[in-house]
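Results of the structural survey
One-letter residues, chain by chain:
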Amino acid sequence: AREAYDKLSDEQKAKVNNYKTLTDAEEKFKTIQALNKEKQKAIKELAEYKNADDYRDAEKTQLKNLVEEGTLAINAASDIEGVNKALTDVKAKIDELKTDAELSKEETESLEDAKNEAVKELQDYKNADDYRDAEQVKLKEYVEEGIKAITDADDIASVNMALSTAKAKIDE
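So, a few notes on the structure that sits alongside this text. (Residues numbered from 1 in each chain as written. Predicted model: local features only at pLDDT ≥ 70, side-chain atom pairs only at ≥ 80, totals over all residues. Heavy atoms only, no water.)

1. Looking at the overall build of the chain
Within the chain, the secondary structure is distributed over eight helices and zero strands. Once the C-alpha set of the chain is aligned to its principal axes, its extents read approximately 120 × 25 × 15 Å. The 172 residues of the chain split such that 24% are buried. Expressed as a percentage of contacts within the chain between residues at least 6 apart in sequence, the contacts between residues at least 24 apart total 72%. (Helix = DSSP H or I, 4+ residues; strand = E, 2+ residues; numbered from the N terminus. Buried < 20%, exposed > 50% of the residue type's maximum accessible area, 1.4 Å probe, protein only. Contact = heavy atoms within 4.5 Å.)

This is the structure we're talking about:
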């Protein structure tokens, strides 16, 4: 429409009574183009925001779903402010997902806590002063064996098994 208008002579242009419609349409077109450009930029940023390889399978699935959800919200936005809000909102949700490294760290800390608690429980299980000298030697040996088994455990179930086994041996 602009091209056709620009080809008109000045006399013909003077006879056009809906020029404002043309300029309004051009402005709207520019706005739509800018919005679409922001949407594409936001979708690209969202797609590159996190590396799925940093997550475990369950979290990868959640990440994929959040990216899809965010892409839909970005595309549904009617203005640039809405695009930015949709992007910010989904990034906040993604940031709540824990990476494999974060989960592994939590599990390691949890295992260490379990080991420390089990060692303390085993050390406090019996009072050596309640036993004769020969029995105290055996008690000490069983506690030391139990502590070694606890500290060598690879998971919490193994920690609990080592503690139970040591207690059972002491109780014999």
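Having seen the structure, we can now continue with the description.
2. Here's the deal with the pattern of salt bridges
Applying the stated criterion to the full structure yields 22 salt bridges. Here glutamate 3 makes a salt bridge to lysine 7, at a shortest N to O gap of 3.9 Å. Of the two residues, glutamate 3 and lysine 7 are both situated in helix H1 (residues 2-7); the distance of four residues between them amounts to about one turn of the helix. Across the pair, exposure class does not vary: glutamate 3 and lysine 7 are exposed alike. Between lysine 138 and glutamate 141 there is a salt bridge, with the nearest N and O atoms lying 3.9 Å from each other. Residue lysine 138 and its partner glutamate 141 are located together in helix H7 (residues 133-152), separated by three residues, close to a single helical turn. Residue glutamate 141 is classed as partly exposed on the basis of its relative accessible area of 32%. (Salt bridge = Lys/Arg side-chain N within 4 Å of Asp/Glu carboxyl O.)

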